[in-house]
Amino acid sequence: MEEIQEQELKVGTFACTSCGADLKYKPGTVHLSCEYCGASNEIPQIDADIKKLDFNAYLANQSESIETSVESYVKCESCGASSTLEPNVTSALCPYCSTPLVVEQAKDEKIIQPKSLLPFKLDKNGAKGEFKKWIKKLWFAPNDLKKAALNFDHFKGVYIPYWTFDTDTFTRYIGQRGEYYYVTETYTTTENGKSVTKTRQVRKTRWYPASGSVKRFFDDILTVATKSLPQKYIYKLEPWDLQNLIPFDKSYLSGFITEKYQIELEEGFEIAKGIAEPEIRSLVRRDIGGDEQRIISMNTQYDDITFKHLLLPVFVSAYKFKGKLYQFLVNGRTGEVQGQRPYSWIKITLTSLAVAAIIALIIYFTNN
Ligand SMILES: [Zn+2]
Ligand SMILES: [Zn+2]
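The rules we used
- Residues numbered from 1 in each chain as written.
- Chains lettered and ligands numbered in written order.
- Predicted model: local features only at pLDDT ≥ 70, side-chain atom pairs only at ≥ 80, totals over all residues.
- Heavy atoms only, no water.
- Donors = N, O, S within 2.8 Å, 3.2 Å for Na, K, Ca; no water.
- Tetrahedral: all angles 85-135°; square planar, octahedral: opposite > 155°, others 65-115°.
- Helix = DSSP H or I, 4+ residues; strand = E, 2+ residues; numbered from the N terminus.
- Buried < 20%, exposed > 50% of the residue type's maximum accessible area, 1.4 Å probe, protein only.
- Phe/Tyr/Trp six-rings, centres within 6.5 Å; stacked < 30°, edge-to-face > 60°.

Caption draft 1: Region of interest: the coordination of the zinc ion (ligand 2). Within the first shell, the zinc ion (ligand 2) binds the protein through Cys76 (SG), Cys79 (SG), Cys94 (SG) and Cys97 (SG), at distances of 2.3 Å. One can describe the site at the zinc ion (ligand 2) as tetrahedral: its 4 donor atoms subtend angles covering 101 to 116° at the metal. For the zinc ion (ligand 2), the donor residues sit on a single chain with the sequence spacing C-x2-C-x14-C-x2-C. With Cys79 in the loop between strand S6 (65–75) and strand S7 (82–83) and Cys97 in the loop between strand S8 (92–93) and strand S9 (100–101), this pair connects stretches of sequence that are 18 residues apart. For Cys79, a relative accessible area of 22% gives the class partly exposed.

Caption draft 2: Spatial organisation of the packing of aromatic side chains. Inspection of every chain in the model, using the stated rule, returns 19 aromatic pairs. Relative to Phe256, the ring of Phe120 has its centre 4.1 Å away and its plane inclined at 10°; by these criteria the two rings are stacked. Within this pair, whereas Phe120 is found in the loop between strand S11 (116–117) and helix H2 (124–137), its partner Phe256 is found in the loop between strand S14 (246–247) and strand S15 (257–258), the two being separated by 136 residues in sequence. Residue Phe120 shares its accessibility class with Phe256, and that shared class is buried.

Caption draft 3: Inspection of unusual backbone geometry at higher detail. Looking along the chain, the bond that leaves Glu238 and enters Pro239 is cis, with omega of 5°. Its location among the elements puts Pro239 in the loop between helix H4 (231–234) and S14. In the Ramachandran plot, Asn192 falls in the positive-phi region, its phi being about 50° despite a non-glycine side chain. Looking at where Asn192 falls in the secondary structure, it is placed in the loop between strand S12 (155–191) and strand S13 (194–224). Asn192 sits in the exposed class, given a relative accessible area of 82%. One non-glycine residue, Asp304, adopts positive backbone phi at about 45°. As for its placement among the helices and strands, Asp304 is situated in strand S16 (residues 292–321).

Caption draft 4: Region of interest: the coordination of the zinc ion (ligand 1). Within the protein, the zinc ion (ligand 1) binds to Cys16 (SG), Cys19 (SG), Cys34 (SG) and Cys37 (SG); these donor distances fall in the range 2.3 to 2.4 Å. With 4 donor atoms in place around the zinc ion (ligand 1) and angles of 101 to 121° between them, the coordination shape is tetrahedral. For the zinc ion (ligand 1), the donor residues sit on a single chain with the sequence spacing C-x2-C-x14-C-x2-C. Highlighted residues: Cys19 in the loop between strand S1 (3–8) and strand S2 (23–25) and Cys34 in strand S3 (residues 31–34), separated in sequence by 15 residues. By relative accessible area, Cys19 is classed as partly exposed at 40%. Among the residues examined, Cys34 registers a relative accessible area of 5% and is labelled buried.

Following this line, the structure appears as structure tokens:
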């Protein structure tokens, strides 16, 4: 029997015990603090194991206890992200693409409850500092960008949804092992106007059939569950200090936006397979041995799949520059910055001309 445990997870409903204002999580601490009277409330620390859930049981809907939660999200019509709103807002922009959100359309949705999270370690100012350093180091960025980027209105702290998977893999493969051998070849060439015959060693490869199997256990394959951020940048925010994950507690979400996963569990596992595959291929190559390997077919069985749904802290900045959308991400733990950037063709052209002029001068002076 499926037993659904529902928990109310309204974000931003922690009231200050001294003045009644909304409490917000203070990054880098275990406290909720009040912006108005400065009161600080400690978040009780839970000393629980972060449970991993059985993937197939979940998909078959037979899990003993699938914990779901209900949260109010507003969906962005432009990029598809569903995010929570800061409390008491009457207007808001999508944190990912700066499209205005229709706040009245926020509605309750049921999701698989996150099991754990990494709280923000950097506050907004800390993240801005990292971002400013990064912008300054950019070569060939238009000056307007530097100005635009210093406007932090669109700079939001967002808990991004992720899945992690553990799985035991068993792979059967059929391939070929290539071994090098050398043959002596004779050839003719012209030396001092005369035709001469010479020999040389030429490398060849002899192929042998190979087949077998490899095993590998994967621990915590991390896949991002949002589609609204550029994948090539979000994966570059790694490594995350997953050893510091704490059991889910909504206190850490207050004062921040939380995004609902757009990539469902099953699709997330397909992405995880894609991440595991190169590692399996290299194991197969090692197993084949020899000097070169060919993999003809590979069949992987994924056993004992477990998953966790977790939230990781990222500062997101999106703005439009000359009609184009640029997105920047700052890892809310490490300060790592990744993002899209425009290039100034004027600066590149001027620099290339200057470099060419310097080279020309050097050639001129060294030859005279
Ligand atoms: Zn207060
Ligand atoms: Zn959006």
